[in-house]
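Below are the chains, spelled out letter by letter.
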Amino acid sequence: MEHQDDSDREVVSLMKYHNDIRFPAVHALRQYWEELRGPRQVPSRAEVDPRAIEETLEYAFILERIAPGVGRFRLAGMHLNDLMGMEVRGMPCTSMFMPEHRATLSRALEDVFAGPSTALLTLAGERGVGRPPMDAQMLLLPLASDFGDVTRALGCLCTIGPIGRSPRRFIVKDDVVRPIRTGVKHELTDPPQTRDDRLTARRTRQQLNETPGFSEPAASYTPPQPRTPPSRPEPGEKPRLRLVRSDGETVETDS
């Protein structure tokens, strides 16, 4: 079959709208975060009003960054508790993922905090006895703490399919990370950052953090000059009082 070149005409992808229909809570939360952000890079955690996202509260959560690539649930909707069969507040978000996929989530999470960036993860539920097929999406949106640093994230986890036997853990089928540009409306259709770009950015941040004295030049060091021991008076010579100022200058006076 011959494919027509669409480079010279405007092409509208239907994938975004398809996902918005399948996961409406993801779309609603992204729109709310965008309205809060305005022309800034990220909104503040204190600005998030649960009453404004009532239709997504069941799926929504707030993460706190406690270490590089590690975030724990500070708040979580009932749907996340149902998926795990327990209260997830206080747990690391990686606990909802299969062990071999936790590193992928950690890398995306660190990009969200350090970029800052947004991340959209396409997931699938773990299969097994009592665990029917399940599709899911997780959205991660950065927030500033009360101190101004980006150590919080607003997100949601939406699923399609019965929960079955809990706990339900997920595998990552795809992850899309997009850096945030100040003053520009952030859309899921913006060009994503490639894995190589994200790896290069992480290595650069690590080098900057490991470089001693990078934030300011090292002060020059001048070793102290040895002091001249006081000379003893000759026999019959009148003793003299020897004073030494803080700048090293010696002043001799009569006793």
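Please refer to the structure higher up on the page.
In what follows, the accompanying structure is described. What you see is a predicted model; the values in this text were computed from it and never measured.

So, on to the pairing of strand S1 (residues 60–67). For a regular strand, side chains alternate in direction, first toward one face of the sheet and then toward the other. Of the strand pairs in this sheet, S1 and strand S5 (residues 152–160) are connected by five bridges, and their pairing is antiparallel. Looking at S5, one finds that alanine 60 is bridged to cysteine 156. In this antiparallel pair of consecutive strands, S1 and strand S2 (residues 70–76), the connection spans two residues, and glycine 69 shows a positive phi of 75°.

Before going further, it helps to spend a moment on the nonpolar core. In this structure, Met96, Leu121, Leu123, Met138, Leu140, Leu157 and Phe170 are the most contacted members of the largest nonpolar core, which totals 49 residues. Ignoring anything within four residues of it in the chain, the contact list for leucine 140 reads Phe61, Leu63, Leu105, Leu109, Val112, Ser117, Thr118, Ala119, Leu121 and Leu154.

As summarised here, the arrangement of the six strands in space is S2-S1-S5-S4-S3-S6, forming an open sheet in which the pairing is antiparallel. Each end of this open sheet is capped by a strand with a single partner; those strands are S2 and strand S6 (170–179). Taken over all neighbouring pairs, the strand axes of this sheet differ in orientation by 25° on average, direction set aside. Sheet strands in contact with helix H2 (residues 24–37) are strand S3 (117–125), strand S4 (135–143) and S5, and its direction is about 10° off that of S4. The strands touched by helix H4 (residues 102–114) are S1, S2, S3, S4, S5 and S6; relative to S3, the strand with the most contacts, the crossing angle is about 160°.

Among the structural elements, arginine 107 can be located in helix H4. Take arginine 107: its relative accessible area is 34%, and that puts it in the partly exposed class. Spatially, the C-alpha atom of arginine 107 lies 8.9 Å from that of proline 68, the residues being 39 residues apart in sequence. Within polar-contact distance, the side chain of arginine 107 engages the side chain of threonine 104 at 3.3 Å.

On to the pattern of salt bridges, then. Using the criterion set out here, one finds eight salt bridges in the structure. A salt bridge links glutamate 34 to arginine 37; the nearest nitrogen and oxygen atoms lie 2.9 Å apart. Of this pair, glutamate 34 and arginine 37 both sit in helix H2, separated by three residues, roughly a single helical turn. When its relative accessible area of 7% is taken as the criterion, glutamate 34 is described as buried. Residue class for arginine 37 comes out buried when judged on its relative accessible area of 0%. The partner of arginine 51 in a salt bridge is aspartate 49, with the nearest N and O atoms 3.2 Å apart. A relative accessible area of 65% places arginine 51 in the exposed class. Overlapping salt bridges, with partners in common, bring together Glu64, Arg72, Arg74 and Arg152 in one network.

Conventions used here
- Residues numbered from 1 in each chain as written.
- Predicted model: local features only at pLDDT ≥ 70, side-chain atom pairs only at ≥ 80, totals over all residues.
- Heavy atoms only, no water.
- Pairing = 2+ DSSP bridges.
- Helix = DSSP H or I, 4+ residues; strand = E, 2+ residues; numbered from the N terminus.
- Core = buried A, V, L, I, M, F, W, Y, C linked by side-chain atoms within 4.5 Å.
- Buried < 20%, exposed > 50% of the residue type's maximum accessible area, 1.4 Å probe, protein only.
- Contact = heavy atoms within 4.5 Å.
- Axes fitted to C-alpha atoms, helices over the stretch in contact; angles between N-to-C directions.
- Polar contact = N/O pair within 3.5 Å; in protein donor to acceptor, adjacent residues only side chain to side chain.
- Salt bridge = Lys/Arg side-chain N within 4 Å of Asp/Glu carboxyl O.

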